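Observations on the model geometry
For reference, the chains in residue letters:
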Amino acid sequence: MSRRLPHDGARLAVFCSGFGSNFQAVLDAVLSKKLKAEVVLMVCDNPKAYALERAKKNNIPVVLISPHLFAAREAYEKIIVRILKSQQIDLVVLAGFMRILTPYFIHAYRGRILNIHPSYLPHFKGAHAIRDAFESKAKETGVTVHWVTVKVDAGPAILQRKVKINRNDTLASLEKKIHAVEHEIYPKAIQRVILRLRSGLR
Ligand code: GRF
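All of these numbers come straight from a predicted model, not from anything done at the bench.

**Some words on the nonpolar core**
- Residues Leu-12, Phe-23, Leu-35, Val-39, Leu-114, Tyr-186 and Ile-190 are the most contacted members of the largest nonpolar core, which totals 43 residues.
- Of all the elements, helix H6 (residues 171-198) adds the most residues to this core, at 10 residues.
- What Tyr-186 contacts, discounting residues up to four positions off in sequence, is Asn-22, Val-26, Val-93, Leu-94, Ala-95, Leu-114, Asn-115, Ile-116 and Val-145.
- One finds Val-63, Ile-65, Tyr-76 and Ile-80 within the second-largest nonpolar core, a separate group that totals 22 residues.

In structure tokens, the structure reads:
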């Protein structure tokens, strides 16, 4: 895939499985023109995801396909890749997508897949990063936007921000602080990537 973006802005596909607050933050940044991009579609694997309501409210087309219909993960991903290519998607933005992508998908969109993780990577990898940080009694954690590579939560960081864990924080208050930082930095990180890709850099 050519590194340079062929047109103004970038065509985004946002992948969600749940609440979709990061999808909303990215979409809001696009609508307020802080992020020079278009949210072309949402890919969702969960028919109960609240993210679907958000897409509907904002007239964003949804690709809702249950992975359980497929014997192999690659077969599910092949359909998604075909749709993304037909829609000329430039960047895949993972926003709480609770599936691990196979090397097939990662290769198909190599260097074009971003993820947001609720910790200051490489600390607290995995699906329970906020809880793990809270229970570890660490004094700080954070948020990382990173490139997606075959190794989970291990791709190069694009943007990171630290978040302090205060003595009076509860798990709920820490989650709230982390999500606020996520919503602030994900659009910024995407904008940074778009500018880099447009100038032919990575
Ligand atoms: C976020 O905390 C994100 O870092 C993690 O999953 C959560 C998704 O939240 N990957 P939402 O669905 O965007 O509200």
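**Considerations on the site of the ligand**
- All residues in the neighbourhood of the ligand are listed as Phe-19, Gly-20, Ser-21, Asn-22, Gly-96, Ile-116, His-117, Pro-118, His-179 and Glu-182.
- The contact in question runs from an oxygen atom of the ligand to an N or O atom on the side chain of Ser-21, over 2.5 Å.
- Ile-116 has a polar backbone atom sitting 3.0 Å from a nitrogen atom of the ligand.
- For the ligand, the accessible surface in isolation is 370 Å², of which the surrounding protein chains cover 84%.
- Of all elements in the fold, only helix H1 (21-31), strand E5 (113-117) and H6 reach the threshold of two or more residues within the shell around the ligand.
- Residues of the shell around the ligand, tallied by class, amount to 3 nonpolar, 6 polar and 1 charged.

**Things to note about the sheet that holds strand E1 (residues 11-16)**
- With mixed pairing, the 7 strands of this open sheet are ordered in space as E3-E2-E1-E4-E5-E6-E7. Each edge of the open sheet is held by one strand with a lone partner, namely strand E3 (62-64) and strand E7 (157-164). Pairwise comparison of adjacent strand axes, ignoring direction, gives a mean angle of 20 degrees for this sheet.
- One ladder, built from 4 bridges, connects E1 with strand E4 (residues 91-94); its direction is parallel. Of the residues in E4, the one forming a bridge with Phe-15 is Leu-94.
- Sheet strands in contact with H1 are E1, strand E2 (38-44) and E5, and its direction is about 165 degrees off that of E2.

About the cut-offs
Residues numbered from 1 in each chain as written. Predicted model: local features only at pLDDT ≥ 70, side-chain atom pairs only at ≥ 80, totals over all residues. Heavy atoms only, no water. Core = buried A, V, L, I, M, F, W, Y, C linked by side-chain atoms within 4.5 Å. Buried < 20%, exposed > 50% of the residue type's maximum accessible area, 1.4 Å probe, protein only. Helix = DSSP H or I, 4+ residues; strand = E, 2+ residues; numbered from the N terminus. Contact = heavy atoms within 4.5 Å. Near = heavy atom within 4 Å. Polar contact = N/O pair within 3.5 Å; in protein donor to acceptor, adjacent residues only side chain to side chain. Areas by Shrake-Rupley, 256 points an atom, 1.4 Å probe, with all protein chains shown as cover. Nonpolar A, V, L, I, M, F, W, Y, C, P; charged D, E, K, R; others polar. Pairing = 2+ DSSP bridges. Axes fitted to C-alpha atoms, helices over the stretch in contact; angles between N-to-C directions.

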